[in-house]
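# Architecture at a glance
Below, each chain spelled out in residue letters.
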Amino acid sequence: MRALDYLWLIPALPFLGAAVNGLLVRNRQKSLATAIGVGAPGLSLGLALACLIEFLARPGHAPFEQLLYPWTAGALKIDIAFLLDPLSAIMLFVVTFVGFLIHVYSVGYMAHEEGYRRYFSYLNLFMGAMLLLILGDNYLVMFVGWEGVGLCSYLLIGFYFDQDFPPKAGRKAFIVNRIGDFAFLLGLFAIFSQFGTLSFKGVNAAVLADIGALEAPFALGLSLASFIALCLFVGAMGKSAQIPLYVWLPDAMAGPTPVSALIHAATMVTAGVYMVVRTNLIYQLAPSISLFVAIIGAATAIFAATIGIAQNDIKKVLAYSTVSQLGYMFLAAGVGAYVAAIFHLATHAFFKALLFLGSGSVIHAMGGEQDMRKMGSLRKHLPWTYRTFLVGTLAISGVPLLAGFFSKDAILGAAFEKSPVLWIVGLATAALTACYMLRLLCLTFLGKFRGTHEQEHHLHESPAVMVVPLVILAAGAAFAGYAGKIPFTHFDWLGGFLQSVIVAIPGHEAHAAHHEMGLEAILVAASIAAAAGGLGLAWRLWGGGRGTSADEAMARRAPGLYRLVENKYYVDEIYDRLVVRPLRSTARFCWKVIDSVFIDGGLHVVAFITELTGDLGRFSTTGNVRQYALYFFAGVLALFWWMIF
Amino acid sequence: MIPIAWYLVLASVLFCIGAFGALTRRSGIAIFLSIELMLNAANLTLVAYSRIHGDSAGQMFVFFALAVAAAEAAVGLGLFISIYRLRHTIDVNRLNRLRW
């Protein structure tokens, strides 16, 4: 009996858990809901680990495919099948492991919330859809998962549906994602129409069989490869929150904090990166689109990082940080460093999940308060949250020997090779990241408490069920970096592991990204300097119990600029003017004029004619039998007349 | 033998009397009687032709028609009796509630 034969159970178990919790369990059966809600992803994790162990033992890490059902509809032949190859193996580990920890954490975080059972049902549904996305053997199964996680994201952002803002944020996320999904679908149609298949293996084989066809002009002045790559990337822009479709992610923080950690930081939003890496062959054949990806990624990274500096909501800072780090991943994918993108995806999943869960622990202790200006000195009251949060902060800042350092360094090295400009943007982003993260840490955990007396009295460390996942994630944030490329050595386990996924194209050989020792030393020194500079600046401005005085000073000295950044460059307002309001007025026009006047009016006319006919015609029905008899005789006579003459 | 035309003239006269009665009388029973007259005008035609052609099929038809007419008369009279019990009249001008 092999665990791999039960690969299909990994997504099926959370789906089952979601169905049972959602449909059968009652609200008051809280412990049953917990057992199912945490048990299903737990079993999934166990099975995933067993599968991964077996997979690692396979000679050459040969991909494992599992066909569930060959779906045929006319010319359309698509296998509902799962694929476990090195890329999905990494994703599988990250999703099940981080996902399970966040489920455990949620037991503590959501303990006193209404809708506990509903929460776990949605969260399991998300796990199932996410696993479907990463384990799918073709673009269609992936797309089903892709839409599934979008749905769960919508449901969980709007979890507090009785409040005003969350449902709006949920709708915004859903609609913005739909824009991306539309382009994604166009890309899939192009793939299917050109290659006749949607399976990853089939598409790669078809591409390699005729590379010339990919480079021939196709549509919009783009080559076939560029067209597909662009469409898929626009899909990724929506899901992974890149400029210009990033606006939904900061608002997505309206959901419960563990949801932000799982969906809007660690897993779902990285789906776009996964998809781009999965399609790396086509991206390699579309260098202009790859450059576009890199530029969008770099722009998003630095843009979101600057916004992060001036936010006061602890979750908003982390949200913009997530947008920024996703930009980093796309920068890596755009410059062709697919391994580095996945590497950063994995390390980011650990430290960002850790940071979000840490902020959840803080919010829990503060009784729902999210404004950092009212926090401070929490180190004394939440020692474990503080320690783990510190590890996460240092890891994301790129402090040497922690996970973020290695993955960022891999990305920056690859970016430098492509273009020093991208490298400098990446470096600046790294400095800003270190700066706003330490600001967050200082404002939250250090200095004096700035909240109300009542809040201070209520401060308490979170229960073990929340702290233990934090500690495990902190260990991951500290050590996950040692799986990838380590500077100054030739050690790169992840690179070797993922080698088979990054398709080598004859004639397009990528040169190995090994710099000379001297150059590498300069690059590493620059990364360290950026991190140190950012951390040092933040410490000078916010460290040592200075509280928010630096923010106030900045707001005084450059009020226009500060307001611009604090209000996120007014992007939401611009979109509101340019897109939302015109759409709303168009919709209103359709409703009030086209629907009410023309369509309803037409129907009313038809109804009126019918009614009028009836009104006039009914006077012939007098109820007088003799009159009817007369009609009848007249009719018979007329009939005779007609028959005889 | 009496020529066929005589039978037909008699039948037409009977039919017209019946039709006139059915259209002009107000009593339900009288309308009923008139309809019987029309029915029997048709029966007379059938019997006459049957005799001329020497084919008994026409007479068989008439037997059936008479039997059905008898049953119909029974049902009709029953209906009028129950209508009378309800409305104390069988004047069809006043039995006009089934309308708009």
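Residues numbered from 1 in each chain as written. Chains lettered and ligands numbered in written order. Predicted model: local features only at pLDDT ≥ 70, side-chain atom pairs only at ≥ 80, totals over all residues. Heavy atoms only, no water.

## Looking at the overall build of chain B
Formally: Secondary structure counts use DSSP, requiring at least four H or I residues in a row for a helix and at least two E residues in a row for a strand, with both numbered from the N terminus. Put simply, the radius of gyration uses C-alpha atoms, and a globule should come to 2.2 Å times the residue count raised to 0.38. Working definition: with a 1.4 Å probe on protein chains only, accessible area under 20% of the residue-type maximum means buried, over 50% means exposed, and in between means partly exposed. Here, residues are in contact when the closest pair of their heavy atoms is within 4.5 Å. Here the positive residues are Lys and Arg and the negative ones are Asp and Glu; neither His nor the chain ends is included. Positions of charges follow a simple convention, taking NZ of Lys, CZ of Arg, CG of Asp or CD of Glu.
In terms of regular secondary structure, chain B is built from three helices and zero strands. For chain B, the succession of helices and strands along the chain, N to C, is α-α-α. Taking 2.2 N^0.38 as the reference for a compact globule, 100 residues should give roughly 13 Å; the C-alpha atoms of chain B span a radius of gyration of 17 Å, well beyond that estimate. By its C-alpha atoms, chain B is 50 × 25 × 25 Å across when sized along the principal axes. In chain B, which comprises 100 residues, the share counted as buried stands at 26%. A separation of at least 24 residues holds for 56% of the contacts in chain B among residues at least 6 apart in sequence. Taken together, the 8 basic and 4 acidic charged side chains of chain B have centroids lying 16 Å from each other.

## Details of the confidence of the model for chain B
Note the following rule: Looking at any residue, its pLDDT shows the predictor's confidence there, from 0 to 100.
For chain B, per-residue confidence averages 90 on the pLDDT scale, and 99% of positions sit at 70 or higher. Predicted as a complex, the structure gets a pTM of 0.81 and an ipTM equal to 0.84.

## Quick look at the packing of helix α5 (residues 139–157) of chain A against helix α6 (residues 165–195) of chain A
Residues and elements named next belong to chain A. Put simply, the test is: Interaxial angles span 0 to 180 degrees and are taken between N-to-C directions of axes, which are lines fitted to C-alpha atoms, for helices over the stretch in contact. Orientation is classified from the angle alone, with under 35 degrees giving roughly parallel, over 145 giving roughly antiparallel, 65 to 115 giving roughly perpendicular, and any other angle giving oblique. Classes in brief: Ala, Val, Leu, Ile, Met, Phe, Trp, Tyr, Cys and Pro nonpolar; Asp, Glu, Lys and Arg charged; the others, Gly included, polar.
For the pair α5 and α6, the least separation of the axes is 8 Å and the interaxial angle reads 170°. The angle between α5 and α6 places the two elements in the roughly antiparallel class. Judged by residue contacts, Tyr139, Phe143, Trp146, Glu147, Gly150, Leu151, Tyr154 and Ile157 of α5 engage Pro166, Ala169, Gly170, Arg171, Ala173, Phe174, Arg178, Asp181, Phe184, Leu185, Leu188 and Ile191 from α6. Of the residues assigned to the contact of α5 with α6, the class counts are 14 nonpolar, two polar and four charged.

## Quick look at the nonpolar core
Residue and element names in this part refer to chain A. Put simply, the rule reads: Working definition of a nonpolar core: buried Ala, Val, Leu, Ile, Met, Phe, Trp, Tyr and Cys residues. They are joined through side-chain atoms within 4.5 Å.
In terms of nonpolar packing, the biggest core is built from 212 residues, with Leu84, Met130 and Ile134 touching the most fellow members. A total of 19 residues in this core trace back to one element, the largest contributor, which is helix α16 (residues 338–365). Ignoring any residue separated from it by four or fewer positions in sequence, one finds Leu84 in contact with Leu4, Leu7, Cys51, Phe55, Ala62, Pro63, Phe64, Ala89, Leu92 and Leu135.

## With respect to the state of the cysteines
Put simply, the test is: The disulfide criterion is simple: two cysteine sulfur atoms within 2.5 Å.
For the structure on display, the rule yields zero disulfides over all chains. The cysteine Cys442(A) is free of any disulfide, with Cys435(A) supplying the nearest cysteine sulfur at 9.7 Å.

## As for the environment of Val13(B)
Relative to the helices and strands, Val13(B) is located in helix α1 (residues 4–24). As a C-alpha pair, Val13(B) and Ala41(B) span 28 residues in sequence and 8.2 Å in three-dimensional space.

## Comments concerning the pattern of salt bridges
Side-chain pairs of opposite charge can arise whenever the charged atoms involved come near each other. Residues and elements named next belong to chain A. Worth spelling out the cut-off: Any Lys or Arg side-chain nitrogen located within 4 Å of an Asp or Glu carboxyl oxygen qualifies as a salt bridge.
Within the structure shown, the criterion is met by 12 salt bridges over all chains. Across the salt bridge formed by Asp85 and Arg278, the nearest N and O atoms sit 2.7 Å from each other. Here the residue Asp85 occupies a position in the loop between β2 (76–84) and α3 (86–109), and Arg278 occupies one in helix α12 (residues 271–278), the gap between them amounting to 193 residues. Across the pair, Arg278 and Asp85 agree in class, each one buried. Two residues, Arg373 and Asp371, come together in a salt bridge whose shortest N-O distance is 3.0 Å. You can call Arg373 partly exposed: its relative accessible area is 41%. Shared partners join several salt bridges into a network, and the residues in it are Glu147, Arg178 and Asp181.

## Section: the packing of aromatic side chains
Defined as follows: Think of it this way: a Phe, Tyr or Trp ring, Trp meaning its six-membered ring, pairs with another when their centres are within 6.5 Å, and the plane angle makes it stacked under 30 degrees, edge-to-face over 60, tilted otherwise.
As enumerated under the stated definition, the model contains 27 aromatic pairs over all chains in all. Centroid distance Phe218(A) to Phe227(A): 5.2 Å. Interplanar angle 55°. Geometry classified as tilted. We classify Phe218(A) as partly exposed; its relative accessible area is 33%. When its relative accessible area of 12% is taken as the criterion, Phe227(A) is described as buried. Ring centres of Phe32(B) and Phe80(B) lie 6.1 Å apart, and the angle between their planes is 75°; this geometry places the pair in the edge-to-face category.

## Concerning the interface of chain A and chain B
Selection criterion: Two parts placed together each lose some accessible area under a 1.4 Å probe, and adding up what both lose gives the buried area.
Chain A puts 12 residues into the contact, and the matching count from chain B is 14 residues. Both faces considered, chain A and chain B share a buried interface measuring about 1,100 Å² in area, 65% of it formed by carbon and sulfur atoms. Considering only the side of chain A, the residues that lose the most area to chain B are Gly623(A), Arg626(A) and Phe633(A), jointly responsible for 51% of the buried surface there. One can count zero salt bridges joining chain A with chain B.

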